[in-house]
Amino acid sequence: MLRFICLFLLYSGAIAELPCTVMPGKLKQLDAGNGEVYGVADNDTIYLWHANQWARIEGRLIHVTVGPAGVWGVNKENYIYRLNNFNWIQVSGRLKQIDAGGNKFLSGANSNDDIYCLNQDATTSPATSLPYVQIDGKLKHYACGPFGCWGVNSANEIYYRNQVTPNACHGTSWTRVDGSLIMVEVGTDGSVFGVNADGSVYKRVGICPKNPRGTSWIQIDVCNGFKYVSHDSGFLWLISHNGNVFRCEYADSMLSDLL
Ligand SMILES: *[C@@H]1O[C@H](CO)[C@@H](O)[C@H](O)[C@H]1NC(C)=O
């Protein structure tokens with residue numbers, strides 16, 4: 001594996017040299033959460049990062065997610081699957097994007113950009129017919145974490161959903177957040193990262209329980225050209241425009257944001 005130093009801006013404005021590794025293989029999407037990383041390739045094959053390499057898992061998906069609610073994915077017809085003992089079990093509903101980052105609840109968007117969530121009592125039951133809750137509005141990507149839910153719409157506007165709880169995942173209202181992103185992901189630790197249309201990677205700073213929307217976006221990459229970002233366990237996982245996967249040590253924790 002190729003190791004190199006990539007320059008990243010820290011929230012303080014200083015430039016840090018972060019050790020990055022180019023991972024083997026190419027992916028179109030990945031998700032890091034709960035200490036695990038799953039990804040899908042252009043041909044929809046599915047991989048788990050395990051023992052320092054990608055291990056292929058059965059099935060074909062266009063989008064996969066891992067988090068406190070488990071491992072879920074959607075296929076090219078947008079049917080939804082849940083991983084159970086390394087078997088994909090189809091559940092009801094159709095989504096193009098799904099996120100398991102909330103506190104054992106799910107969020108996602110369908111092909112019409114309609115927005116859905118699934119409460120914790122549903123994701124923790126073995127049922128396959130699931131009571132999805134539709135949320136007003138339109139988003140192409142909707143992801144949740146311990147301090148709330150974030151989405152982007154087809155115009156790349158960013159929205160935060162207020163008052164989401166694990167068993168009231170519907171929340172109450174949208175608040176528009178400054179900036180423009182093509183996707184935004186929330187880490188299991190509450191960190192929020194996104195990518196804009198130019199391929200630059202941004203981190204939301206100032207997030208804390210009292211101020212879950214944070215204060216501002218900071219661009220953290222100097223060598224831009226990315227289409228997807230996910231963050232977990234001190235690593236930033238990035239997919240470049242041509243599908244190469246980068247893993248960078250990015251230990252900037254919630255705590256350092258608060259200090
Ligand atoms: C799918 O793509 C992956 C990654 O590019 C490649 O390693 C694999 O051989 C392909 N598999 C099939 C079944 O096409």
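Residues numbered from 1 in each chain as written. Predicted model: local features only at pLDDT ≥ 70, side-chain atom pairs only at ≥ 80, totals over all residues. Heavy atoms only, no water.

**Side note on the overall build of the protein**
- Each helix and strand counted, the protein has two helices and 25 strands in total.
- Counting every position in the protein, which comprises 259 residues, the buried fraction comes to 54%.
- Taking the intrachain contacts of the protein between residues at least 6 apart in sequence as the baseline, contacts between residues at least 24 apart amount to 47%.
- Approximately 10,800 Å² of the protein is accessible, and the part contributed by carbon and sulfur atoms is 51%. (Helix = DSSP H or I, 4+ residues; strand = E, 2+ residues; numbered from the N terminus. Buried < 20%, exposed > 50% of the residue type's maximum accessible area, 1.4 Å probe, protein only. Contact = heavy atoms within 4.5 Å. Areas by Shrake-Rupley, 256 points an atom, 1.4 Å probe, with all protein chains shown as cover.)

**Some remarks on unusual backbone geometry**
- A positive phi angle, close to 65 degrees, is found at Asn-52, a residue other than glycine.
- Relative accessible area serves as the criterion here: at 47%, Asn-52 is assigned to the partly exposed category.
- For Asn-156, which is not a glycine, the phi torsion comes out positive at approximately 65 degrees.
- Relative to the elements of secondary structure, Asn-156 occurs in the loop between β16 (148-152) and β17 (157-161).
- Asn-156 gets classed as buried once you look at its relative accessible area, which sits at 14%.

**Examining the site of the ligand**
- As a structural note, the neighbourhood of the ligand is formed by Ala-41, Asn-43, Thr-45, Tyr-47 and Arg-60.
- Here an oxygen atom of the ligand sits 2.4 Å away from a polar atom, N or O, in the side chain of Asn-43.
- For the ligand, whose free accessible area comes to 360 Å², the fraction covered by protein is 43%.
- Here the residues of the shell around the ligand sort into two nonpolar, two polar and one charged. (Near = heavy atom within 4 Å. Polar contact = N/O pair within 3.5 Å; in protein donor to acceptor, adjacent residues only side chain to side chain. Nonpolar A, V, L, I, M, F, W, Y, C, P; charged D, E, K, R; others polar.)

**Quick word on the state of the cysteines**
- Inspection of every chain in the model, using the stated rule, returns three disulfides.
- Two residues, Cys-144 and Cys-149, share a disulfide whose sulfurs are 2.1 Å apart. Of note, the bridge from Cys-144 to Cys-149 carries an S-S torsion of about 110 degrees and is right-handed in sense. (Disulfide = S-S within 2.5 Å.)

**A word on empty space enclosed by the protein**
- Considering all chains together, one arrives at two cavities of 30 Å³ or more under this definition.
- The calculated volume of the largest cavity comes to roughly 60 Å³.
- In terms of lining, the largest cavity is formed by Asp-31, Ala-32, Gly-33, Val-66, Asp-99, Gly-101, Glu-185, Val-186, Gly-187, Thr-188, Ser-230 and His-231.
- Within the residue set of the lining of the largest cavity, elements represented by two or more residues are β3 (29-33), β19 (183-186) and β23 (226-232).
- With three residues, the single largest contributor to the lining of the largest cavity is β3.
- For the lining of the largest cavity, the residue count by class is three nonpolar, six polar and three charged.
- What the second largest cavity holds in volume is close to 30 Å³.
- Around the second largest cavity, the lining residues are Leu-95, Ile-98, Leu-106, Ser-107, Gly-108, Tyr-116, Cys-117, Leu-118 and Tyr-132.
- Those elements giving two or more residues to the lining of the second largest cavity turn out to be β12 (106-109) and β13 (114-118).
- Looking at side-chain class alone, the lining of the second largest cavity contains seven nonpolar, two polar and no charged residues. (1 Å grid on protein atoms, 1.4 Å probe; cavity = no way out; pocket = protein on both sides within 12 Å on 5 of 7 lines; lining within 4 Å. Points joined across faces, edges and corners; volume = space filled by probe spheres on them.)

**Overview of the environment of His-63**
- For His-63, the position within the fold is in strand β7 (residues 63-67).
- Relative accessible area serves as the criterion here: at 7%, His-63 is assigned to the buried category.
- In sequence terms His-63 and Tyr-38 are 25 residues apart; their C-alpha atoms lie 9.5 Å from each other.
- In contact with His-63, other than residues within four places in its own chain, are Gln-29, Val-40, Trp-72, Gly-73, Val-74, Lys-96, Gln-97, Ile-98, His-141 and Tyr-228.
- Of note is the side chain of His-63, whose polar atom sits 3.3 Å from the backbone oxygen of Ile-98.

**What to know about the environment of Asn-52**
- Among the structural elements, Asn-52 can be located in the loop between β5 (45-50) and β6 (53-60).
- When the C-alpha atoms of Asn-52 and Met-23 are compared, they prove to be 9.3 Å apart, with 29 residues separating the residues in sequence.

**A word on the sheet that holds β16**
- The sheet built from four strands is open, its strands ordered β15-β16-β17-β18 with antiparallel pairing. With partners counted over all chains shown, the strands left at the sheet margins are β15 (141-145) and β18 (174-180), one partner each. Within this sheet the neighbouring strands show an average axis-to-axis angle of 25 degrees, counted without direction.
- The pairing of β17 with β18 spans five bridges and is classified as antiparallel. Its bridge partner being in β18, Tyr-160 is matched across the sheet by Thr-175. (Pairing = 2+ DSSP bridges. Axes fitted to C-alpha atoms, helices over the stretch in contact; angles between N-to-C directions.)

**Observations concerning the nonpolar core**
- Counting 29 residues, the largest nonpolar core has Trp-54, Val-229, Leu-236, Trp-237 and Leu-238 as the members making the most contacts within it.
- At the level of elements, β2 (15-26), β3, β20 (192-195), β21 (201-205), β23, β24 (235-240) and β25 (244-249) are the ones that each hand at least two residues to this core.
- In this structure Val-229 touches Met-183, Glu-185, Phe-193, Gly-194, Val-195, Val-201, Leu-236, Trp-237 and Leu-238, once residues within four positions along its chain are discounted. (Core = buried A, V, L, I, M, F, W, Y, C linked by side-chain atoms within 4.5 Å.)

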